[in-house]
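Structural features, examined
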Amino acid sequence: IKDQFTELEGSFPENFRKYLQTVRESKFLSSSDKLSLSRVLYERVLDHEGDNFGVWQEYLTFLRHEMKVSSVILGVNYRLTRAHPLNPLAWTSLFESLELFRKPSTDILEEMNRACKRIPFAPSRETFLLVRLAKLNYIRRSNSTSKLLEFQNALQEEEMSFGPDP
């Protein structure tokens, strides 16, 4: 595999997918080695292109489908929210992972509240609403009528302070 890597021209970030494909198609690596090397490649490309949200999403998809280790996936999700704190998709990805790994409802709601505190500083109102909608859907799925009513009341109070939609 080392010979195959040396054949690739250009710098690492540009050839990231070629490196990844070489690792995945290698007949000389065990499946656990392929997973480990793939993780290393994703981490390296994030060192260079941490502002590229698409790479983060691709990495998380890889981890969810191939690795399925909650501590690793949640760790990457938390790093994603730090790298892209105003991106609602970063937060909803974290919410999905917390729910996927059956974290306690209090932990999930705590993260949702943390996101709701940061998102108002986003450049668009749609960003704020996407995070609020994710929280509302989670509460609705959890069948907690009291939490749903509490959340709806909080939304109405916020609507009064922000004013109606333009």
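Residues numbered from 1 in each chain as written. Predicted model: local features only at pLDDT ≥ 70, side-chain atom pairs only at ≥ 80, totals over all residues. Heavy atoms only, no water.

Secondary-structure assignment places Thr81 in helix 5 (residues 70-83). Of note is the side chain of Thr81, whose polar atom sits 2.8 Å from the backbone oxygen of Tyr78. Beyond its immediate chain neighbours, meaning those up to four positions away, Thr81 contacts Ala90, Trp91, Leu94 and Arg114. (Helix = DSSP H or I, 4+ residues; strand = E, 2+ residues; numbered from the N terminus. Polar contact = N/O pair within 3.5 Å; in protein donor to acceptor, adjacent residues only side chain to side chain. Contact = heavy atoms within 4.5 Å.)

Looking now at the packing of helix 6 (residues 88-100) against helix 8 (residues 125-141). Taken N-terminus to C-terminus, the directions of helix 6 and helix 8 make an angle of 15°; their axes are 9 Å apart at the nearest point. Overall, the two elements helix 6 and helix 8 adopt an arrangement that is roughly parallel. At the point where helix 6 passes helix 8, the crossing takes the right-handed sense. Touching Pro88, Trp91, Thr92, Phe95 and Glu99 of helix 6 are Thr127, Leu130, Val131, Ala134, Tyr138 and Arg141, all from helix 8. Class assignment of the residues belonging to the contact of helix 6 with helix 8 gives a composition of seven nonpolar, two polar and two charged. (Axes fitted to C-alpha atoms, helices over the stretch in contact; angles between N-to-C directions. Parallel < 35°, antiparallel > 145°, perpendicular 65-115°, else oblique. Left-handed = near helix turned anticlockwise from the far one by under 90°. Nonpolar A, V, L, I, M, F, W, Y, C, P; charged D, E, K, R; others polar.)

What the rule picks out here adds up to two aromatic pairs. Aromatic pair Tyr42 and Tyr59: ring centres 4.9 Å apart, planes at 15°, arrangement stacked. Taken together, the positions of Tyr42 in helix 3 (residues 31-49) and Tyr59 in helix 4 (residues 53-67) put the pair 17 residues apart, joining distant regions of the chain. Connected via pairs of aromatic rings, a cluster forms that spans Tyr42, Tyr59 and Phe62. (Phe/Tyr/Trp six-rings, centres within 6.5 Å; stacked < 30°, edge-to-face > 60°.)

Glancing now at the side chain of Glu111. By the element assignment, Glu111 lies in helix 7 (residues 105-118). Excluding residues that lie within four positions of it along the chain, Glu111 makes contacts with Tyr78, Trp91, Leu94, Phe95 and Leu98.

A word on the nonpolar core. Phe16, Leu41, Tyr42, Tyr59, Leu63, Val76 and Leu80 are the most contacted members of the largest nonpolar core, which has 21 residues in total. When residues of this core are traced back to their parent elements, those giving at least two are helix 2 (12-25), helix 3, helix 4 and helix 5. Sequence-distant contacts of Val76, defined by excluding residues within four places in its chain, comprise Glu43, Trp56, Tyr59, Leu60 and Leu63. Formed by 16 residues, the second largest nonpolar core is a distinct cluster that contains Leu94, Phe95, Cys116 and Phe128. (Core = buried A, V, L, I, M, F, W, Y, C linked by side-chain atoms within 4.5 Å. Buried < 20%, exposed > 50% of the residue type's maximum accessible area, 1.4 Å probe, protein only.)

Moving on to the packing of helix 5 against helix 6. As a packed pair, helix 5 and helix 6 sit with axes 9 Å apart at the nearest point and diverge in direction by 160°. Accordingly, the angle class assigned to the pair helix 5 and helix 6 is roughly antiparallel. Taken as a pair, helix 5 and helix 6 cross one another with a handedness that is left-handed. For the pair formed by helix 5 and helix 6, the contact residues are Ile73, Leu74, Asn77, Tyr78, Leu80 and Thr81 on the first element and Ala90, Trp91, Ser93, Leu94, Ser97 and Leu98 on the second. Here the contact of helix 5 with helix 6 is composed, by residue class, of eight nonpolar, four polar and no charged.

Turning our eyes to something else, we now look at the environment of Val131. Relative to the assigned elements, Val131 resides in helix 8. By relative accessible area, Val131 is classed as buried at 1%. The spacing of Val131 and Asn87 is 44 residues in sequence and 9.2 Å in space, taken between C-alpha atoms. When near neighbours in sequence (up to four residues on either side) are disregarded, Val131 contacts Pro88, Trp91, Phe95, Ala115, Cys116 and Ile119.

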